[in-house]
Structure formats: structure tokens, C-alpha cells
Amino acid sequence: MRVSALCRLGRGAAAAPLAGGKGTAPRRGTASAWGRWQKQQAGGARGSAAGEIIQSSKKVLASLQKEHPTFKPTLAIVQASDEDLVQEINQNFAKEIGLHVIHICLPQGSSEDEIVGEILRLNEDPTVHGVALHLSENACSSKILNAVKPEKDVDGVSDVNLGRLVRGDTYNCSVSPTASAVMELLEKLVKTVDGKKVLLVEICGPLEASLQCLLQRKGAMTTSCQWKTQQLQSKLHQADVVVVGSTKPKEIPVSWIRPGTTIVDCYPDFLSGEHGYGQDVKYSNQSAIDAVGPLTIAMRMQNMVKTSERWIQSQQYREWNLHCLKLQPISPVPSDIEISRGQSPKAVDVLAKEIGLLADEIEIYGQTKAKVRLSLLERLKDQTDGKYVLVAGITPTPLGEGKSTVTIGLVQALTAHLNVNSFACLRQPSQGPTFGVKGGAAGGGYAQVIPMEEFNLHLTGDIHAITAANNLLAAAIDARILHESTQSDKALYNRLVPVVNGVREFSSIQLARLKRLGINKTDPGTLTADEINTFVRLDIDPSTITWQRVLDTNDRFLRKITIGQANTEKGFFRQAQFDIAVASEIMAILALTTSLADMKERLGKMVVANDKNGQPVTAEDLGVTGALAVLMKDAIKPTLMQTLEGTPVFVHAGPFANIAHGNSSVLADKIALKLVGEEGFVVTEAGFGADIGMEKFFNIKCRASGLVPSVVVLVATVRALKMHGGGPNVTAGAPLKKEYTEENLQLVADGCCNLQKQIQIAQLFGVPVVVALNVFKTDSHAEVDLVCEIAKQSGAFDAVPCNHWSAGGRGAVELAQAVRKAASQENHFKYLYNLELPIIEKIRIIAQKVYGAEDIELSPAAQSQISRYSKQGFGNLPICMAKTHLSLSHQPERKGVPTGFILPISDVRASIGAGFIYPLVGTMSTMPGLPTRPCFYDIDLDPDTEQVKGLF
């Protein structure tokens with residue numbers, strides 16, 4: 001008995017993937033067998049092996065697409081040969097099953113690198129789910145075969161798939177279609193191969209490995225040889241089954257094959273009916289001869305359907321398999337950087353896999369950082385969000401409250417000690433405070449993000465991207481004013497819409513501007529003189545420019561500068577200033593955006609000045625929106641890092657809370673909420689006190705995201721409460737006075753008024769509050785108990801002392817348990833004000849209900865701006881108060897709970913792209929200065945080890 005397969009088989013790693021073998025597909029024009037097979041199917045021969053597989057695969061795929069109607073399984077076939085018939089069979093089978101096929105024809109003789117390049121492109125194409133190769137023997141190198149991503153390797157030729165097959169992991173691998181076809185035919189023709197001797201002649205490479213494995217697993221005894229092997233006659237005579245991979249040489253007589261032997265011939269030109277074995281061998285099943293080739297391709301399509309099933313499964317939410325890092329706290333607690341260096345972080349790709357991220361959803365930066373792609377949100381769009389926890393604090397003091405430390409300690413407790421999925425979402429620290437006075441922001445003690453020096457320095461370059469984008473826009477503003485002031489309409493138009501290679505056309509952003517201007521023309525040659533004037537003239541009023549240049553360094557001498565003093569600027573100079581980079585509106589946009597498209601739209605809406613008619617001029621008018629989006633395309637992706645105990649952290653965006661809204665990004669929170677699962681927790685932090693960062697979190701960030709918080713964790717310390725109770729001033733670097741190191745219950749009780757006020761502010765939003773009391777060694781038990789008791793009496797759901805700074809997550813377990821209980825309570829979240837209210841009324845509500853002011857007082861400039869913004873259609877935006885963080889009032893020295901004050905509004909500005917109005921309370925600096933002794937005195941680099949010293 002003899003049956004034939006579709007294509008030639010080859011030697012070693014040069015096996016042609018379609019059939020696992022040598023050479024190319026059958027010659028063109030020999031379509032008789034394909035035609036006969038089609039006729040058999042039409043004539044009711046659906047019971048053939050290929051037909052059964054096609055119908056079975058069709059049903060499976062139909063079921064998949066019923067559950068996932070938008071799924072379009074796509075197979076890409078890379079061909080670098082001149083034969084078309086096999087591709088026709090591929091197309092026909094795929095069409096019948098419901099698969100989409102992309103046929104990539106490379107020139108015959110394409111180099112190895114060219115073929116690999118095409119394969120790598122297909123590997124990264126998310127719309128392609130399977131890749132098959134149809135190449136000549138010479139083109140099928142090991143490098144090419146292993147270039148195919150194992151998950152997309154439908155022909156089972158990669159080493160990874162062969163290894164899985166050998167290990168018995170057949171669910172996660174694709175098996176060579178030719179090997180599967182051979183096994184299918186043998187099952188029909190010889191019933192069982194158990195105990196039979198199978199000889200593989202001229203079969204090498206992936207097909208040999210696959211056949212050896214499959215046959216031996218069925219109990220066959222297999223041997224491989226070549227036509228030139230000595231004792232070939234004996235081997236052929238002893239074999240029960242012979243599988244051949246190339247044409248039998250004429251000098252090998254058919255008589256060497258024992259009568260009754262089953263021959264599976266994977267090489268011959270079966271389509272032409274040429275068998276090459278003469279008439280001495282009888283064929284018991286002529287229809288099987290015609291079914292072998294189609295069966296191989298049917299097996300390929302079956303593999304493609306299985307690959308599609310695995311792909312869909314891979315897109316589903318994955319349970320975490322997180323391996324936490326062990327902590328061994330010591331006393332006294334070492335410096336933050338010593339603790340950070342003492343822990344060996346997991347490789348970030350390992351962490352990503354543990355929390356259910358796919359390999360193509362991360363972009364790795366070094367060993368411990370990775371950007372996470374926004375495509376995850378689409379993949380997990382049907383996954384229920386976890387619980388959403390905000391960490392806020394009492395009014396800040398120089399003694400510090402430790403919100404970042406609480407955030408990290410809480411997630412370490414939840415995940416490493418209570419086995420609850422959790423994510424921390426933090427802001428990226430500005431390098432201004434890092435080298436200025438505050439230091440880093442990675443947490444502290446045994447509750448840190450690691451490596452802390454990478455967290456605090458550069459990270460993945462997001463702030464630098466914001467700086468570049470911000471300053472590009474600033475340069476565009478001044479350049480446009482200069483060019484408009486020195487050129488005629490015609491000259492401007494010719495330069496803005498130049499002739500390139502004989503063609504003159506508008507760019508897409510220019511067409512959009514024409515549409516906004518009501519000029520419905522697309523041909524540059526058809527604009528009238530008036531239309532040209534309207535198009536080219538922005539007529540920016542320099543006195544109204546609000547867009548400043550930025551730098552991520554504290555530099556007080558850039559607070560007021562003069563620009564344009566060079567002779568080349570032709571006398572156009574003006575006063576300007578630099579802001580700290582994190583004060584840029586682009587930073588606020590990064591923190592509030594919900595997608596790349598949303599970010600681009602917001603960037604275009606940024607108002608940078610008014611024209612001489614009082615109308616807003618935007619980044620879109622300047623034609624720079626697309627360029628800004630390009631500069632920000634990587635910054636929009638959150639950065640994945642880890643805590644000291646190996647739990648995941650997102651670091652993304654870093655707006656200040658006193659001059660912006662002070663929260664990490666919406667996107668980081670949204671992604672984290674999907675990853676933790678329904679029972680998990682996402683813990684994020686709001687800058688400064690609850691009156692500042694928390695109020696903006698609720699009224700601005702939650703409006704932008706649509707997310708509803710579950711719990712507020714309000715952080716306090718005994719020492720800070722003593723200062724609010726009337727304790728003496730604290731000087732940085734000087735020893736603490738005895739009021740802060742000795743028990744003083746009265747001072748603590750008096751200071752709890754600020755804690756009570758912050759609890760009341762949280763209650764305005766209907767969210768349960770858990771107070772986290774950061775414990776220091778100088779705190780007495782009586783002081784700690786007093787604070788917790790007052791907090792609970794004031795409406796907190798619970799109040800818990802925490803020791804995570806000295807003990808890691810274990811020191812915050814009680815806090816984690818309290819947060820879990822609070823999150824299970826009924827939530828009555830609400831916003832503080834209605835957006836439809838007038839701007840003045842929204843400012844007054846915040847001043848009175850949050851800060852405790854009697855009323856507000858608007859300067860003439862503030863009143864004028866409010867009137868202008870209302871007329872321009874910006875009156876329905878939320879309010880972002882720019883105010884000192886050191887007091888509930890506008891006076892930093894007033895601690896506790898000031899009363900009876902009138903809140904002065906000196907000016908009102910708008911961040912239209914970010915989506916809020918920001919009133920300035922008193923005088924607010926957007927560029928910090930360096931102190932007498934900045935932190936940089938202690939920061940150094942070891943030139944031998946390249947280790948950073950002195951960060952804290």
C-alpha cells in the first residue's frame with residue numbers, strides 16, 4: 001500500500017515548513033488532483049480525512065466567532081518561490097473554514113535577512129494570528145524557521161514548538177501538518193502502529209523530529225536512514241511502514257520493499273499522478289493518494305484554528321502568580337538607599353508575566369522598568385475593576401506625614417501578607433525637589449519602590465518628553481509672532497503652503513484650520529486674498545501669552561526673563577518666565593488623558609494666548625498638535641516597577657498639587673484596576689493635604705476617568721498633629737524640640753482639629769475614611785491611642801497605627817484589613833459641585849466647604865478673566881485651586897483649622913486642554929528655588945561601581 005503527501009521533505013533544519021521537507025511545492029499547472037479532490041467533495045465524499053478536518057475546524061471557528069464576533073483570525077503565508085497551486089489550495093480551504101489569509105510573495109532568491117525581516121514584522125502585527133512559510137529548501141535555515149514567534153508558528157517548525165511536542169505539551173504547540181497528515185493516514189490504513197517497524201527514509205529536520213515523537217508515542221519502533229545508507233535493502237525488507245521524503249533513485253529496485261508494506265510517500269508529484277515505484281506495488285486505496293496533499297493543508301488550517309483558540313484564551317484575564325520578595329528588617333533602620341540596594345528586584349519581564357501582562361504589552365527599559373502599552377485596556381475591557389483606594393493626608397508640615405510610605409506599605413501588606421492582588425499608582429517625582437530640599441519620593445524605610453535611584457532620576461524620560469513638547473510649543477508661539485510681523489500675507493502663505501516637487505497642498509492640520517475658519521476649500525490656489533489673510537494671520541497679542549517655557553530644575557533666576565534680545569529677532573523681545581516642568585499643562589494632560597486620541601485632542605485644545613480680538617489661540621491653530629503627540633507617544637504609557645516586597649507599582653505623571661491637580665495618571669489607575677481583578681485593590685496617592693490633592697482627585701480626576709473611589713486613607717503623624725496643635729516651628733536639619741520627642745497629650749489633642757477637618761472634607765464626597773497613623777519611636781502609646789480614638793469619634797471608619805517604615809508590609813497588615821472592610825461598605829460618592837454652576841460659585845463652594853473660608857474676594861484681574869472665560873465657553877470646567885499647601889487658608893503660617901478668613905483670588909487662568917480653570921490664591925510661584933544647602937551636596941556617584949550615593 002502506498003500513499004503520497006503534498007510536498008517534498010528536506011534534510012536537517014532545511015525542511016520546507018509546509019510539508020516539513022525538502023524542495024518546493026508541485027509544479028504549476030498540475031491541478032488535476034486538486035480538481036479530482038474537489039469533485040469527490042461535491043460528489044458526497046465529505047467523509048475523506050481532509051474533508052472531515054475542514055468541517056470540524058469550520059465548526060470550532062464558528063463557535064469561537066459567535067462568542068467573539070469581532071475576532072478575525074488571520075493567517076499570513078510568506079512565499080519566496082514561483083509556485084502557486086499550493087497557495088490556491090490554502091486559499092480555498094481557508095475560505096471554506098472562515099479564515100482570512102494574507103499572501104506575502106517575496107522575490108525568489110530573497111536573502112535570509114529579508115525573509116527574517118518580513119517574519120519579524122508579522123510577529124509584531126497584532127492582526128496576524130498565524131504565520132506559515134512556503135520556501136525553497138535553500139531558504140529554510142534554522143534562523144528563518146526560529147524567527148517565527150512560537151505562538152504564531154502554525155507549521156510547528158520552531159525549536160520551541162518541537163520542544164513542547166517532545167515534552168508532551170500538545171495543547172500549547174503546533175504539530176507539523178505533514179506529520180499529522182502521515183499519522184492520520186496511517187491510522188486509517190494500518191489501524192495501529194503499535195509494535196510496528198517504521199522506517200523514515202530521507203526525512204530530516206523538524207518533520208523527522210515530529211514523526212519520531214508521534215510514532216514512538218503510539219508504540220512504533222522507528223528508524224531513520226538515507227537512500228545511500230548501507231544495509232538499506234535489509235531495513236526496507238524489515239519495515240512494516242516506510243515513510244519516504246524524496247524520489248526513490250532508479251538504482252533502488254522496488255523488490256527491496258516487502259510485499260504488503262505500507263508506503264507513505266511525502267515527496268512525489270502526486271498531482272500529476274507520478275508515483276515513481278513502478279507497477280510492482282499494488283495500491284489498495286486510490287482515493288487516499290489524492291487526499292494526501294489536501295490533508296496536509298487541512299492539518300495546517302486545523303493548526304490555525306487551534307492557534308486562534310489559544311490566542312483568544314491568552315487575551316482573557318489571567319490569575320496572578322506573584323512571587324513576593326522576602327524582607328528581613330533590621331534595627332536601627334538603615335538609610336533608604338541602603339535598604340533599596342539590599343534587595344534584589346525581580347526582572348521586570350518576570351513581574352509582568354506574574355501579574356498577567358502579555359509579552360507584547362510591555363516595552364522593557366533596562367532590568368527593572370517597563371512601559372505598559374495601552375492595548376491592554378482593549379484586551380481586558382470586559383474585566384471588572386478592582387477596588388479603588390486614595391491615600392491623602394492632613395495639612396503638610398516640615399515633619400512629613402509619609403503618604404507615599406503608607407501607599408507602598410499598604411500594597412505590600414495586601415499582597416505579600418494577605419495574598420490580595422494590589423497595585424500602587426504613584427506620581428513620578430520632579431528632579432527639582434530631588435536635588436532641592438525635599439529629596440526623592442519613592443517611599444521610605446522598608447516601604448519603598450525599587451530601585452529608588454532609578455525611580456527618582458529620569459525614570460523612562462516622561463518629564464523630558466513633556467519638557468521637549470512644552471518648549472516646542474513655546475518656540476512656535478514666538479516664531480509665529482516674529483514671522484507675521486516681518487512678512488506680507490503672500491510671503492507667509494507661500495512659506496506655510498510651499499510647492500513641493502511641483503505640487504502645492506495643505507497639510508491635514510491646515511485643512512482642519514481652514515474648516516474651523518469656515519473656508520471650505522482644499523486647493524491652495526483657490527483662496528481669495530481675504531481668505532489667505534484670515535488663514536495666515538493668528539495675530540497673537542504678546543501681552544496675553546500664558547504659555548511659558550519649562551525646566552525640571554529649581555532655578556529661581558528663571559522666574560522672570562527677557563527673551564528675543566539677539567539682533568536676529570529684529571527687535572521683538574518680551575518678558576517671559578520659566579516654570580518647573582511638572583507645572584506644564586502637558587503634564588496635567590498626561591495625568592488626565594484616557595487614550596492616545598484623547599491626549600492628541602487635549603493637546604490641540606491648549607490655549608496659549610489670545611489674538612488681538614480677544615479670541616483664544618490654541619496649539620491646533622499653531623499647527624503643532626501632531627508634533628506634540630509624537631513627542632508624547634511613549635510618555636503616555638505607564639511605567640511598571642516594584643516595591644521592596646516585589647509587588648507591582650505604576651509610576652506615571654507628576655503634576656504638583658498646589659499649582660496643578662496633584663495626582664498620578666488616569667491611565668495607570670485604569671490599567672491597574674483591570675489587572676488586579678474584581679477582588680483586588682489599586683492604591684493611589686493625592687498630593688499634599690486632603691483639602692488640596694484629595695479635593696482635586698474627586699472633582700477633577702474622577703470626573704475625567706469616571707472611576708468611583710472605594711476608600712480614603714487619611715495619613716497623619718503624632719508629630720505633625722503636635723505642630724497643628726501649636727507646637728514650635730521646625731527648622732530643617734536642626735534637632736527637634738522636646739515638644740515633638742516627649743509625650744504631650746494636650747498638644748496632640750489640640751492638633752487633632754486638623755485631622756478632624758480633613759475627615760469632614762472626605763465625608764463631603766460620601767467615601768468612607770480610614771486613618772493611618774504613621775508611628776515613630778518617640779510616640780507614646782497614649783498619644784497613639786488618643787489620635788485613633790479622636791479619629792473614630794470624628795467619623796472615621798477606623799483608625800490604625802502603622803509600622804511599615806520599620807517593618808515593611810507586615811507593619812501595615814492591620815491597616816490593610818481595615819481598608820478591606822471599609823471597601824465593602826456602601827459607597828455614596830458624589831461630587832462637591834455641579835459643573836453647570838458659574839465659575840465664581842464653584843470657587844466659593846470650595847473655599848467655604850473645604851477650606852473653611854467665610855467668603856472669597858476677587859481681584860479686578862480675576863473678575864475680568866472669569867468673564868472672558870465664560871464668554872469663550874469655558875465656564876463649565878471644574879476648578880483647580882492654586883493655593884499654598886501649608887495651611888487650609890491662604891496664609892502658610894496658620895496651622896490647625898483657621899477660621900474667619902476671606903480667601904483672596906488674585907488671578908484666574910485656564911488649562912483648556914487639561915480641562916480645568918485654576919484660580920490663583922495669593923501669590924503662587926510655579927518655579928521653586930534652591931535653598932542655602934540643597935540636597936545635591938549629598939548626592940554623588942562612585943566612579944568604580946557607578947552607584948549613586950546620597951539620595952533619600
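Structure: see above.
In what follows, the accompanying structure is described.

Calculation rules
- Residues numbered from 1 in each chain as written.
- Predicted model: local features only at pLDDT ≥ 70, side-chain atom pairs only at ≥ 80, totals over all residues.
- Heavy atoms only, no water.
- Helix = DSSP H or I, 4+ residues; strand = E, 2+ residues; numbered from the N terminus.
- Buried < 20%, exposed > 50% of the residue type's maximum accessible area, 1.4 Å probe, protein only.
- Contact = heavy atoms within 4.5 Å.
- Areas by Shrake-Rupley, 256 points an atom, 1.4 Å probe, with all protein chains shown as cover.
- Lys, Arg positive; Asp, Glu negative; His and termini not counted.
- Charge placed at Lys NZ, Arg CZ, Asp CG, Glu CD.
- Pairing = 2+ DSSP bridges.
- Axes fitted to C-alpha atoms, helices over the stretch in contact; angles between N-to-C directions.
- Arc of directions from axis to C-beta.
- Phe/Tyr/Trp six-rings, centres within 6.5 Å; stacked < 30°, edge-to-face > 60°.
- Lys NZ or Arg CZ within 6 Å of the ring centre and 35° of its normal.
- Right-handed = clockwise from strand over helix to strand, strands pointing away.

### A short note on the overall build of the protein
Reasoning step 1: For the protein, the helix and strand inventory stands at 33 helices and 33 strands.
Reasoning step 2: Its C-alpha atoms give the protein principal-axis dimensions of roughly 110 × 80 × 55 Å.
Reasoning step 3: Scored against the burial criterion, the 952 residues of the protein give a buried share of 57%.
Reasoning step 4: Pairs at least 24 residues apart make up 74% of the contacts formed inside the protein by residues separated by at least 6 positions.
Reasoning step 5: With the model as given, the accessible surface of the protein reaches about 38700 Å², and the carbon-plus-sulfur share is 50%.
Reasoning step 6: Between the mean site of the 97 positive side-chain charges and the mean site of the 97 negative ones, the protein shows a separation of 3 Å.

### Details of the sheet that holds strand S29 (residues 855-858)
Reasoning step 1: Pairing within the open sheet is mixed, and its three strands lie in the order S29-S30-S31. Where the open sheet ends on each side, the last strands, each with one partner, are S29 and strand S31 (916-921). For this sheet, the mean inter-axis angle between neighbouring strands, taken without regard to orientation, is 50°.
Reasoning step 2: Looking at chain direction, strand S30 (residues 902-911) and S31 are connected through six bridges and run antiparallel. Bridge pairing links Ala 910 to Ile 917 in S31.
Reasoning step 3: Lying over the sheet, helix H32 (residues 839-851) contacts S29, S30 and S31, oriented at roughly 135° with respect to S29.

### Some remarks on helix H6 (residues 159-167)
Reasoning step 1: Of the residues making up H6, those classed as buried are Asn 161, Leu 162, Arg 164 and Leu 165. Viewed along the axis of H6, the buried residues span an arc of 160°, placing them on a single side of the element. Summarising the geometry of H6, the exposed residues directed more than 90 degrees from the buried face are Val 166 and Arg 167.
Reasoning step 2: Tucked inside the fold, the buried residues of H6 contact helix H8 (205-217).
Reasoning step 3: Looking one or two residues beyond H6, the residue adopting positive phi is Gly 168, at roughly 90°.

### What about the packing of aromatic side chains?
Reasoning step 1: One pass over the structure, following the stated rule, counts 14 aromatic pairs.
Reasoning step 2: When the centroid spacing of 6.0 Å and the interplanar angle of 85° are considered together, the rings of Tyr 493 and Phe 535 count as edge-to-face. Of this pair, Tyr 493 sits in helix H18 (residues 489-496) while Phe 535 sits in helix H20 (residues 529-536), and the two are 42 residues apart along the sequence. Like Tyr 493, the residue Phe 535 is buried in the burial classification.
Reasoning step 3: Seen from their ring centres, Phe 936 and Tyr 937 are 5.3 Å apart, and the 15° between their planes marks the pair as stacked.
Reasoning step 4: For Phe 936, a relative accessible area of 38% translates into the label partly exposed.
Reasoning step 5: Aromatic rings pair up to connect Tyr 388, Phe 697, Phe 698, Phe 765, Phe 829 and Tyr 831 into one cluster.
Reasoning step 6: Over the ring of Tyr 831 we find Arg 703, and its NZ or CZ is 4.2 Å from the ring centre.
Reasoning step 7: A cation over a ring is seen here: Lys 883 above Tyr 851, with NZ or CZ 4.7 Å from the ring centre.

### Let's talk about the sheet that holds strand S4 (residues 130-134)
Reasoning step 1: Strand order in the open sheet formed by three strands is S3-S2-S4, and the pairing between neighbours is parallel. Edge positions in the sheet fall to strand S3 (100-105) and S4, since each has one partner strand and no second. Mean inter-strand twist for the sheet, computed between neighbouring axes without regard to direction, equals 20°.
Reasoning step 2: Direction of pairing for strand S2 (residues 74-79) relative to S3: parallel, over a ladder of six bridges. If you follow Ile 77 over to S3, its bridge partner there is His 103.

### Digging into unusual backbone geometry
Reasoning step 1: Here Ser 331 and Pro 332 are connected by a cis peptide whose omega angle stands at 0°.
Reasoning step 2: With respect to the element layout, Pro 332 can be found in the loop between helix H10 (286-315) and helix H11 (336-342).
Reasoning step 3: In this chain, Ile 450 is followed by Pro 451 through a cis amide linkage whose omega measures -10°.
Reasoning step 4: As for its position among the elements, Pro 451 is in the loop between strand S14 (447-450) and helix H16 (452-456).

### Regarding the pairing of strand S27 (residues 769-774)
Reasoning step 1: Counting buried positions along S27 gives six out of six residues, so the element sits mostly inside the fold.
Reasoning step 2: Both faces of S27 are covered, namely the face carrying Val 769, Val 771 and Leu 773 and the face carrying Val 770, Ala 772 and Asn 774.
Reasoning step 3: Alignment of strand S26 (residues 711-717) against S27, held across six bridges, turns out to be parallel. Considered in S27, the bridge of Val 712 is made with Val 769.
Reasoning step 4: Sheet topology places S27 next to strand S28 (residues 798-802); five bridges connect them, and they run parallel. Along S28, the bridge assignment pairs Val 770 with Asp 798.
Reasoning step 5: Considered for its hand, the β-α-β crossover made up of S27, helix H29 (residues 781-793) and S28 is right-handed.

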